[in-house]
Amino acid sequence: MNETFVLSAVAFAVLALTLPLARRRLQLSQAKHRSLAGHSRMAKRVASLLPGLSYDEQRFFDADGAAAGTVARRRAGFEQLCALYRTRYPRSAAMTAEAAQGLSDLQFTGAYRVPFPFSAYLRQHLKTGSFVQAASGVTLTDLDGNTFIDLTGSYGVNVFGMDFYRQTIAEGSAMVQSLGPVLGSLHPVVASNVQRLRQISGLDEVSFHMSGTEAVMQAVRLARYHTRRTHLVRLCGAYHGWWEDVQPGPGNPLMPRQTYTLEEMDADTLKVLRTRKDIACVLVNPLQALHPNKPAPGDSSLVDSSRRTSFDRERYTAWLEALRQVCTERGIVLIFDEVFMGFRLAPGGAQQYFGVKADMVTYGKTLGGGLPVGVVCGRKDLMKRFREERPADICFARGTFNAHPYVMGAMSAFLDRLDSAEVHALYDGLDARWDARAAQLNSALQSAGLPVQVGHMSTVWTVTYTQPARYNWMLQFYLRAHGLALSWVGSGRLIFSLNFTDADFAQVVERFVAAGQQMQADGWWDGPVQTDRAIRRSLMREVFMRRG
Ligand SMILES: Cc1ncc(COP(=O)(O)O)c(C=O)c1O
């Protein structure tokens with residue numbers, strides 16, 4: 001009797017201890033997005049198991065089982081495109097091929113422009129150049145003298161046009177000339193930058209770093225230090241730089257450690273934030289409003305036509321407000337990572353655009369006025385790096401090049417211009433202007449009978465495809481042939497600078513449609529009718545059977 005009582009008591013105690021744990025674990029699972037991107041550990045394991053597959057010549061053209069006539073048209077079109085690239089871009093391509101031997105980044109970007117089964121054959125035959133010699137207005141000129149309309153946006157740095165940054169760099173350099181590249185002591189321009197950033201961010205203090213990645217590292221480190229909690233929450237799909245804890249899963253050799261990747265715009269995520277005690281901060285990248293829960297849409301993952309965008313400003317605002325509320329209730333640091341979107345949506349960044357205030361904000365890219373930078377703005381109590389009462393308990397953050405005089409000079413020139421009437425005019429009616437331009441392109445694509453549309457959030461655009469197909473990634477090469485420069489991620493990310501005029505944009509529409517029509521004429525969209533799901537399944541079957 002006694003023994004039974006003891007056993008029951010022990011069982012009860014064990015249950016009482018483990019049930020809340022199990023409940024919290026279950027809550028965490030429910031707050032993960034159902035996709036692989038929502039499950040970093042699993043994604044990492046799957047990525048490590050994925051066998052290579054490289055299509056041979058035949059398969060390169062008939063991967064979707066297209067009819068012989070279509071395959072012949074594709075071959076002819078591809079050969080023509082290769083010949084055009086050979087004759088039009090010889091110097092750019094030759095320098096790229098030579099430099100790639102010693103420049104690992106070029107090898108990587110070259111290999112991941114398209115889905116991996118197509119990559120080797122494509123690289124062997126279609127030689128793309130990665131070198132340019134000049135920029136002006138909204139154009140880039142390569143080593144062979146070809147001029148392209150620039151849709152790369154310099155990874156988002158280029159908000160106001162390249163001539164703008166050329167001037168901010170020159171003005172900034174002149175400003176700090178007498179001091180030169182002295183580090184450690186600060187040029188006076190730093191003090192005025194701090195004042196202006198406090199005003200823009202509405203936050204108390206500022207720290208300077210050399211890249212967006214470093215700024216995010218510092219914001220997260222400070223959040224952990226002050227909350228004395230271990231974990232950061234990153235929302236599914238969001239990019240925050242390439243530092244370990246913000247990039248769990250594929251691409252990171254370590255298993256995820258102290259990061260929860262939770263579903264964006266989801267009530268279960270709020271539940272987790274409301275109940276767990278180990279969460280130091282939530283990182284928000286406002287760019288995700290364009291495609292919540294999806295990773296950056298590079299063409300290397302464009303295996304079918306399931307890419308979608310769904311920007312809904314009101315819904316995203318409501319989501320940020322809900323996050324704001326729960327973070328306030330739970331003492332969790334809400335960090336807006338505006339490295340990409342800051343100054344692109346509004347002069348006061350995403351905080352101003354969505355009307356929600358963060359505890360910390362990271363900026364970078366364009367804020368350096370064309371030079372490399374990362375910035376953290378934060379509440380006073382969160383920015384402090386030491387405790388008066390515990391002198392050895394510090395939150396260390398240094399960086400040789402932080403607040404470099406030339407960067408600070410260019411930033412100052414950038415901030416001066418941000419205040420100018422000319423730049424204010426660019427922000428006036430910004431959304432309406434870019435909504436109308438997206439509608440203009442979509443209507444032209446539709447009228448031309450092309451299975452292509454664009455989705456957008458202001459000046460950041462993504463090309464989507466309206467009928468299931470395997471070869472959508474080819475579009476980037478036709479766009480290039482028609483004088484539109486895309487970054488290595490291809491049609492997933494087009495970035496416009498605000499200085500595009502209506503005439504510039506009309507050129508984009510014309511070239512875009514012409515590129516699509518040539519691709520259509522070459523038969524790449526003429527495969528047998530299949531669903532996106534069927535395309536993905538058959539690709540998976542092929543990959544695991546190691547065909548090709
Ligand atoms: C939102 C966001 N955070 C951080 C980073 C990292 O910035 P950087 O490339 O300057 O390290 C990026 C870069 O694209 C970004 O888009």
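Residues numbered from 1 in each chain as written. Predicted model: local features only at pLDDT ≥ 70, side-chain atom pairs only at ≥ 80, totals over all residues. Heavy atoms only, no water.

Secondary structure summary: the chain contains 20 helices and 14 strands in total. Considered along the principal axes of its C-alpha atoms, the chain spans approximately 80 × 80 × 45 Å. Across the chain, the fraction of contacts at a sequence separation of at least 24, relative to all contacts at a separation of at least 6, is 78%. When the accessible area of the chain is evaluated, it comes to approximately 24400 Å², of which 56% is carbon and sulfur surface. Here the chain holds 61 positive side-chain charges and 49 negative ones, and the gap between their average locations is 7 Å. (Helix = DSSP H or I, 4+ residues; strand = E, 2+ residues; numbered from the N terminus. Contact = heavy atoms within 4.5 Å. Areas by Shrake-Rupley, 256 points an atom, 1.4 Å probe, with all protein chains shown as cover. Lys, Arg positive; Asp, Glu negative; His and termini not counted. Charge placed at Lys NZ, Arg CZ, Asp CG, Glu CD.)

The next point concerns the sheet that holds strand E11 (residues 452-457). Reading across from one edge, E11-E12-E14 is the order of the 3 strands in this open sheet, with antiparallel pairing throughout. A single partner strand is all that each edge strand has here, and the edge strands are E11 and strand E14 (494-495). Relative to E14, strand E12 (residues 460-465) is paired through 2 bridges, and the arrangement is antiparallel. Note on E14: the bridge partner recorded for Trp461 is Leu494. Of the strands in this sheet, E11 and E12 are in contact with helix H17 (residues 430-447), which crosses E11 at around 170 degrees. (Pairing = 2+ DSSP bridges. Axes fitted to C-alpha atoms, helices over the stretch in contact; angles between N-to-C directions.)

We now examine the packing of helix H9 (residues 189-201) against helix H15 (residues 405-418). As a packed pair, H9 and H15 sit with axes 10 Å apart at the nearest point and diverge in direction by 45 degrees. The orientation of H9 with respect to H15, classified from their angle, is oblique. Where H9 crosses over H15, the two elements pack in a sense that is left-handed. Together, Val189, Val190, Asn193, Arg196, Leu197 and Ile200 of H9 and Met408, Gly409, Met411, Ser412, Leu415, Asp416 and Leu418 of H15 make up the contact between the two elements. Within the contact of H9 with H15, the residues separate by chemical class into 8 nonpolar, 3 polar and 2 charged. (Parallel < 35°, antiparallel > 145°, perpendicular 65-115°, else oblique. Left-handed = near helix turned anticlockwise from the far one by under 90°. Nonpolar A, V, L, I, M, F, W, Y, C, P; charged D, E, K, R; others polar.)

Time to look at unusual backbone geometry. Positioned with a positive phi, Phe343 is a non-glycine residue whose angle comes to about 70 degrees. Among the secondary structure elements, Phe343 is positioned in the loop between strand E8 (333-337) and helix H13 (349-354). Even without being a glycine, Ser458 presents a positive backbone phi close to 55 degrees. Position of Ser458 among the secondary structure elements: in the loop between E11 and E12.

So, on to helix H19 (residues 502-521). The end-to-end C-alpha distance of H19 is 28 Å, a good match for the 28 Å that 20 residues give at a rise of 1.5 Å each. Looking only at H19, the buried set comprises Phe505, Val508, Val509, Phe512, Val513, Ala515, Gly516 and Met519. Seen from one end, H19 has its buried residues packed into an arc of 160 degrees, which puts them on one side. The outward face of H19, more than 90 degrees from its buried face, is lined by the exposed residues Ala503 and Glu510. A positive phi of about 85 degrees marks Gly523, the residue just after H19. (Expected span 1.5 Å × (residues − 1). Buried < 20%, exposed > 50% of the residue type's maximum accessible area, 1.4 Å probe, protein only. Arc of directions from axis to C-beta.)

A grouping of Phe5, Val6, Val10 and Val14 is seen on the molecular surface, where their side chains present a nonpolar patch of about 380 Å² in accessible area. The exposure class of Val10 is partly exposed, given its relative accessible area of 46%. (Patch = residues over 30% accessible without salt bridge, like charges linked within 9 Å, V, L, I, M, F, W, Y side chains within 5 Å. Salt bridge = Lys/Arg side-chain N within 4 Å of Asp/Glu carboxyl O.)

Turning our attention to the pairing of strand E9 (residues 360-364). In terms of burial, E9 is largely enclosed, as 5 of its 5 residues are buried. Burial along E9 is two-sided: Met360, Thr362 and Gly364 facing one way and Val361 and Tyr363 facing the other are all buried. With 3 bridges joining them, E8 and E9 adopt parallel strand pairing. Following the sheet pairing, Asp337 is matched in E9 by Thr362. Note on the crossover from E8 through H13 to E9: the handedness is right-handed. The pairing of E9 with strand E10 (residues 374-378) spans 5 bridges and is classified as antiparallel. (Right-handed = clockwise from strand over helix to strand, strands pointing away.)

Turning to the sheet that holds strand E2 (residues 139-142), a few remarks are in order. Strand order in the open sheet formed by 4 strands is E1-E2-E3-E13, with mixed pairing between adjacent strands. Across the chains shown, the open sheet's two edge strands, defined by having one partner strand only, are strand E1 (132-136) and strand E13 (484-485). Bridge count for E1 against E2 is 4 bridges, and the pairing is antiparallel. Note on E2: the bridge partner recorded for Val132 is Asp142.

Moving on: the site of the ligand. In the region of the ligand, the neighbouring residues are Ser211, Gly212, Thr213, Tyr239, His240, Gly241, Asn285, Asp337, Val339, Phe340 and Lys365. A distance of 2.6 Å is found between an oxygen atom of the ligand and a side-chain nitrogen or oxygen belonging to Thr213. At 2.8 Å, a side-chain N or O of Lys365 approaches an oxygen atom of the ligand. Protein coverage of the free-state accessible area of the ligand, which is 390 Å², stands at 82%. Residue classes in the shell around the ligand are distributed as 3 nonpolar, 6 polar and 2 charged. (Near = heavy atom within 4 Å. Polar contact = N/O pair within 3.5 Å; in protein donor to acceptor, adjacent residues only side chain to side chain.)

Now for the side chain of Arg324. Structurally, Arg324 can be placed in helix H12 (residues 313-330). Among the polar contacts made by the side chain of Arg324, one reaches the side chain of Asp359 at a distance of 3.1 Å. Excluding anything up to four places from it in sequence, Arg324 contacts Leu334, Val356, Lys357, Ala358 and Asp359.

Attention now goes to the packing of aromatic side chains. Inspection of every chain in the model, using the stated rule, returns 36 aromatic pairs. Aromatic pair Phe496 and Phe500: ring centres 5.1 Å apart, planes at 80 degrees, arrangement edge-to-face. Of the two residues, Phe496 and Phe500, both sit in the buried class. Among the aromatic residues, those joined into a ring-pair cluster are Tyr55, Phe60, Phe61, Phe78, Phe118, Tyr121, Tyr471, Trp473 and Trp524. (Phe/Tyr/Trp six-rings, centres within 6.5 Å; stacked < 30°, edge-to-face > 60°.)

Time to look at the side chain of Lys44. Along the chain, Lys44 turns up in helix H2 (residues 40-49). The buried charged residue Lys44 lacks any salt bridge partner; its closest oppositely charged side chain belongs to Glu244, at an N-O distance of 8.6 Å.

The subject of this paragraph is the state of the cysteines. Counted by the stated rule, this structure contains 0 disulfides. The structure places no disulfide on Cys281, whose sulfur is separated from the nearest cysteine sulfur, that of Cys327, by 9.0 Å. In this structure Cys281 comes out as buried when scored by relative accessible area, which is 0%. Distance from the sulfur of Cys377, which forms no disulfide, to the nearest cysteine sulfur (Cys281) is 16 Å. (Disulfide = S-S within 2.5 Å.)

Right, let's get into the pairing of strand E6 (residues 259-262). With burial as the criterion, each face of E6 is covered, one bearing Thr259 and Thr261 and the other bearing Tyr260 and Leu262. With 4 bridges joining them, strand E5 (residues 231-235) and E6 adopt parallel strand pairing. Looking across to E6, one finds that Arg234 is bridged to Thr261.

That is the geometry; function is a separate question.
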